[in-house]
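# Overview (structure and organization)
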2 protein chains.
Amino acid sequence: MTAGLRRARSEEQKQARRQQILQAAEHYVTEVGYEAFSMAKLAQYSGVVKGTLYLYFNTREEVFLTLYNRSLQRWGERFTQCLVQGMSDYDYVKLLYQTASADGLFIPLLVRLEHVIEHNVAMDSLVASKRQFINQINNIANQSAPILGLNLHQAVEVVKTMGVLLVGAIRVDQGPTWRWRQENLPADVRALLDSFSSERLFIKNACRIIKGIRTND
Amino acid sequence: MTAGLRRARSEEQKQARRQQILQAAEHYVTEVGYEAFSMAKLAQYSGVVKGTLYLYFNTREEVFLTLYNRSLQRWGERFTQCLVQGMSDYDYVKLLYQTASADGLFIPLLVRLEHVIEHNVAMDSLVASKRQFINQINNIANQSAPILGLNLHQAVEVVKTMGVLLVGAIRVDQGPTWRWRQENLPADVRALLDSFSSERLFIKNACRIIKGIRTND
DNA sequence: TTACTTAATGACCAAAAGTCATTTAATAAC
DNA sequence: GTTATTAAATGACTTTTGGTCATTAAGTAA
């Protein structure tokens, strides 16, 4: 148990404990990755016992969903802060890619969102998460529209599509093959992986798509 | 145990047993989905006992990797068979989308390939799988090039990029929110999901990308 | 000081992946 | 036809995990 706070009674104290757990979860998952993450260890990292975790989160996946929500927020703020008038499409998508990759949690969680995390989550949490997503999309689109020279509707389409492309493109980096690149992978397989460099793949096609949207294809 | 074959001695018999397990796994996973799949139940469905499964597959994930390999092959054959001279880009990508969705296993397994399945698989199996993937890509690109009016290099890029886009676009359909659409989802969240209709999303952007590749953007 | 509420605990359960000594079909040797 | 040999098949076992819940005790109010 934490030295200062032994038992959370008020709503603020409960929120503090929740944040304490999330903080620990963030460090822990960053350290060991998604697959090795266990609730027992998270309890240790948080300075509480396993049962306590379930007073603050219904399931393991709800912890991850919360971390995803936070990382989306964090990335959105960072990305929009870096937007500048007069950027080319290329600059825009490169910034998007690089800010997203720079966040250690956003991509790994985004990539697992629908097939893994959203299972085993209460509908309330899911709806709340989707609403936050809508807000983020709209916010980013609002700030992107003047920069890309698009109307709001087009900008919303761009932002949504960028998300789709990002997940698809970045997939390969998430597999174990990527980590084995240095080792004894056969040349043909290594060449395959190289041809799937996610940054190149994303940027190139993102530009094509923005161009298509701008010309109303 | 199977009535006819009690013990597999020859190499052919072992292959037959392996196929028997894979056949059962295919039905089973189609029925209950990826998340609910367990090795104990697979043993029941296969008519063997759990330990026997591990004589034919090193891990649960290796079963899935094999199923993925099969489904890729199956889809590739089906798709290329349906290709016809004179197709528009739109016809091409629509056929691609629809044949891929029609296969009950291909998409669910593809979507989990890197982040879930490829973990916990022996490197041999992984290399073999990647090699089969390379062959499929090249085969499909070969047959697509004349239809799309592209050279081989461009066609390879198209096929690879279609895969990337497909995974990204189809993601949303894999979440549980999709199944709840009929129910008591709030209107705003439902509208969000509708705006992410994977078929529209895929087809539209696939056309944009092919156009970009054709004009060497 | 006492009574009360409920956050925190940790022993517990169920499910699931994977292991391995033992059993026993199938074949070979005689 | 009988016996010896091989290794496929078995199922009891271990380990690890997510999740539960009766019990304990910290904090508050009477």
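Owing to the predicted nature of the structure, the values given are computational and were not obtained by experimental measurement.

### Describing the interface of chain B and chain A
- Contact residues are listed per partner, giving 50 residues for chain B and 50 residues for chain A.
- Buried surface at the junction of chain B and chain A, summed over both partners, amounts to about 4,800 Å²; 66% is from carbon and sulfur atoms.
- Among the residues of chain B in contact with chain A, H115, R171 and R208 of chain B are the three that bury the most area, contributing 16% of the side total.
- Here chain B is connected to chain A by six salt bridges.
- Note that R171 of chain A is salt-bridged to E114 of chain B, the shortest N-O span being 3.0 Å.
- Where chain B meets chain A, there are 10 residue pairs in polar contact (both at pLDDT 80 or more).
- Put simply, the parts of the chain that give the side of chain B that touches chain A at least two residues each are α6 (106-111), α7 (113-117), α8 (123-148), α9 (152-174), α10 (176-179), α11 (187-195) and α12 (198-214) of chain B.

### Let's talk about the environment of R74 of chain B
Residue and element names in this part refer to chain B.
- With respect to the secondary-structure elements, R74 resides in helix α4 (residues 60-82).
- A relative accessible area of 31% places R74 in the partly exposed class.
- C-alpha separation for the pair R74 and F106, spaced 32 residues apart in sequence, amounts to 8.7 Å.
- Discounting chain neighbours no more than four positions away, the residues touching R74 are E26, D103 and L105.

### Observations regarding the protein's contact with DNA strand D
- Of all residues adjacent to DNA strand D, which total 24 residues, the nearest are K50 of chain A together with R7, R17, T52 and Y56 of chain B.
- Among the atoms of DNA strand D lying within 4 Å of the protein, the sugar-phosphate backbone contributes 58%.
- Residue R7 of chain B places a side-chain N or O atom 2.6 Å away from a base nitrogen belonging to DNA strand D.
- For DNA strand D, a phosphate oxygen lies 2.7 Å from a polar atom in the side chain of T52 of chain B.
- Looking at the surface near DNA strand D, the elements that each hand over two or more residues are α3 (50-56) of chain A together with α1 (11-32) and α3 (50-56) of chain B.
- Taken together, the residues of the surface near DNA strand D sort by class into nine nonpolar, five polar and 10 charged.

### Details of the relation of the copies chain B and chain A
- Structural alignment of chain B on chain A gives an RMSD of 0.0 Å, achieved by rotating through 180° and translating 0.0 Å along the axis. What the rotation and shift describe, once combined, is the action of a two-fold rotation axis. Of the C-alpha atoms belonging to chain B, the one lying closest to the rotation axis is found on G168 of chain B, 2.1 Å away.
- Interface residue correspondence from chain B to chain A reaches 100%, placing this contact among same-surface, isologous pairings.

### Some details on the environment of T30 of chain A
- Checked against the element boundaries, T30 of chain A lands in helix α1 (residues 11-32).
- Remark: the alpha-carbon pair of T30 of chain A and G104 of chain A, spanning 74 residues in sequence, is separated by 6.7 Å.

### Focus: the domain arrangement of chain A
All names here are of chain A.
- We note that the domain assignment places domain 1 (1-56) and domain 2 (59-214) within chain A.
- Measuring from the centre of the C-alpha atoms in domain 1 to the corresponding centre in domain 2 gives 27 Å.
- Taken together, the 14 residues of domain 1 in the interface contact 13 residues of domain 2.
- Surface buried jointly by domain 1 and domain 2 totals about 1,300 Å² across both partners, of which 63% is contributed by carbon and sulfur atoms.
- Contact with domain 2 buries area across many residues of domain 1, yet L22, E26 and Y34 alone supply 50% of it, more than any other trio.
- The interface formed by domain 1 and domain 2 includes five residue pairs in polar contact (both at pLDDT 80 or more).
- Mapped onto the side of domain 1 that touches domain 2, the elements with two or more residues apiece are α1 and α2 (39-46).
- The element best represented in the side of domain 1 that touches domain 2 is α1, accounting for eight residues.

Definitions and limits used
- Residues numbered from 1 in each chain as written.
- Chains lettered and ligands numbered in written order.
- Predicted model: local features only at pLDDT ≥ 70, side-chain atom pairs only at ≥ 80, totals over all residues.
- Heavy atoms only, no water.
- Contact = heavy atoms within 4.5 Å.
- Buried area = accessible area lost by both parts, 1.4 Å probe.
- Salt bridge = Lys/Arg side-chain N within 4 Å of Asp/Glu carboxyl O.
- Polar contact = N/O pair within 3.5 Å; in protein donor to acceptor, adjacent residues only side chain to side chain.
- Helix = DSSP H or I, 4+ residues; strand = E, 2+ residues; numbered from the N terminus.
- Buried < 20%, exposed > 50% of the residue type's maximum accessible area, 1.4 Å probe, protein only.
- Near = heavy atom within 4 Å.
- Nonpolar A, V, L, I, M, F, W, Y, C, P; charged D, E, K, R; others polar.
- Least-squares fit on C-alpha atoms with pLDDT ≥ 70 in both.
- Domains from an automatic or database assignment.

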